[in-house]
Amino acid sequence: MNCPQCGATIHNDVLFCPECGARIRSSGQPASATPPLQVLQSRYELRRRLGSGGMGAVYLATDRRLTTAQWAVKEMSDTSITSPLERQQAQEAFRQEAELLARLNHPYLPRVTDHFEENGRNYLVMEFVPGENLRDYANRVGLPRPLHEVLRWTAQICEVLAYLHAQQPPIIFRDLKPTNVMITPDGTIKLVDFGIARLFKPGKERDTQAFGTPGYSAPEQYGRGQTDPRSDVYSLGVLIHHLLTGHDPSTTPFRLPPVNQLNPSVPPYIAAAIARATDNDPAKRFASVIELQQALFGSSNLVNRQASPPPVAQAARVEAMAAASAVRMASTGMATASLWIGIISAVLMVIALGMVGLDPIFDSDDILAGLGFLLAMVAALFAFISGILSLIALVSPNTAQTVHGRRDAAIGFAASAGAYLLCCVLGLVIAQLGG
Ligand SMILES: Nc1ncnc2c1ncn2[C@@H]1O[C@H](COP(=O)(O)OP(=O)(O)O)[C@@H](O)[C@H]1O
Ligand SMILES: [Mg+2]
């Protein structure tokens, strides 16, 4: 059967459409056949809660006017608001979020289409992003994630952050964390939740409010100084660290263990970039997301600060850089060593076999055979070393991330095995000559 909301092919027994998240009853009827949780503006029918966090709940909504459309409607929570001043501040933050998002246009941000107040609550209507947030994804598939996957998301997050930071005045996202990053079914990301994104006004000495999430927020977000793009660099560094190691940063705020201590397969240049991005001192971090991007993907000027929405071709280029970066090393040292030592051992063994075989022809009083035997011993030692190295290289995750690592290690192993085979032949020849 097909999902009545998005048309995707789905199994008869699913409760929710895996593509668009619409509720499908076990009878196969769409959720829209059931009464909505609430109707807003006589138009938006709230169907189910998509999630909730610090600022409010987000619902999946169908549209009475555009019957095929579905939206994510964000409602501002008032449960934690105690004073009228706080309520006013929260409403202002929400209104800012709406206006901020409405004028942005980027493939990695949901489009905002409407905002309104109803029954004393504020609502934001935005593009529904299918998929799941990074926290749910990570809980489902487990951490750490493979380097190429993390780098693909990182390239996209760098791009959208660079776009936000290039706005005049710059927009600092300020709350980059797994629940605010959506992973769509086609593998692209979208940043959600501008609840605390604010316009950065240069010259303002320090922010008056502490924002953010323990572990993910930079130290300066705790009221010690003005936040600027480097605060987002920090949170992105923490996010990459979390995804590559599985270490929950909220357990050790501002004290992240070195990436390589937890995941030795991460290439040193990535580990060094993460360490620099997450330095507690903003002055020691990358000055911009573009600098971090260059450290990770080795390209200059990938994102033009002046550019408004970056073209999709550029996004594809950044993606390609991410993929290339994940496999930028042709092979590991161990795989290469096993390859060459294995080849040398096989060649030496062939020469040794030749010397022993030629000894009776040249009648050298066993001198040639003796030298051949000694050479065979050296070759056997080399074959042993190559065999060990190739086995270690074959099981090492580092090798899997290189282009030719596995191939080199396999050739190394085959060469050392071939050398041992020749060694057996040589033993037979010597036995026959002795006989
Ligand atoms: N546009 C959207 N499309 C689909 N799901 C969304 C959308 N926006 C938010 N969500 C879901 O709702 C959750 C909470 O939304 P968010 O905007 O982060 O609210 P909060 O301010 O409460 O943290 C997100 O983690 C995500 O799972
Ligand atoms: Mg959130």
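Conventions used here
Residues numbered from 1 in each chain as written. Chains lettered and ligands numbered in written order. Predicted model: local features only at pLDDT ≥ 70, side-chain atom pairs only at ≥ 80, totals over all residues. Pairing = 2+ DSSP bridges. Helix = DSSP H or I, 4+ residues; strand = E, 2+ residues; numbered from the N terminus. Core = buried A, V, L, I, M, F, W, Y, C linked by C-beta atoms within 7 Å. Buried ≥ 20, exposed ≤ 12 C-beta atoms within 10 Å, placed from the backbone. Domains from an automatic or database assignment. Contact = placed C-beta atoms within 7 Å.

1. Some details on the sheet that holds strand 7 (residues 132–133)
Part 1 of the argument: One open sheet holds the 3 strands; their spatial order is 7-9-10, and the pairing between them is antiparallel. Both edges of this open sheet fall to strand 7 and strand 10 (189–191), since each of them pairs with a single strand only.
Part 2 of the argument: Summarising the sheet, strand 9 (residues 181–183) and strand 10 pair through 3 bridges and their orientation is antiparallel. In the sheet register, M182 faces strand 10, and the bridge partner there is K190.

2. Regarding the nonpolar core
Part 1 of the argument: Ranked by size, the top nonpolar core spans 74 residues in total, and within it A72, V73, L161, L236 and L292 carry the most contacts.
Part 2 of the argument: Considering each element in turn, this core owes the most residues, 12 residues, to helix 3 (residues 147–165).
Part 3 of the argument: Both domain 1 (35–127) and domain 2 (132–325) contribute no fewer than three residues apiece to this core.

3. Focus: the pairing of strand 5 (residues 112–118)
In the case of a regular strand, side chains alternate between the two sheet surfaces.
Part 1 of the argument: Pairing analysis gives 6 bridges linking strand 5 to strand 6 (residues 121–127), with the strands arranged antiparallel. Note that in strand 6 the partner of F116 across the bridge is Y123.
Part 2 of the argument: Here strand 5 folds back onto strand 6 in antiparallel fashion, the turn holding 2 residues, of which N119 has a positive phi close to 50°.

4. Looking at the environment of D408
Part 1 of the argument: Mapped onto the fold, D408 is located in helix 12 (residues 405–434).
Part 2 of the argument: Classification of D408 by C-beta neighbours within 10 Å gives buried; the count is 26.
Part 3 of the argument: For the pair D408 and S331, spaced 77 residues apart in sequence, the C-alpha separation works out to 7.4 Å.
Part 4 of the argument: Excluding residues that lie within four positions of it along the chain, D408 makes contacts with S331, A335, T336, S338 and L339.

5. Here we look at the environment of P146
Part 1 of the argument: Mapped onto the fold, P146 is located in the loop between helix 2 (134–141) and helix 3.
Part 2 of the argument: Under the C-beta neighbour-count criterion, P146 is labelled partly exposed, with 15 such atoms within 10 Å.
Part 3 of the argument: Sequence separation of P146 and L244 is 98 residues, and the distance between their C-alpha atoms is 7.0 Å.

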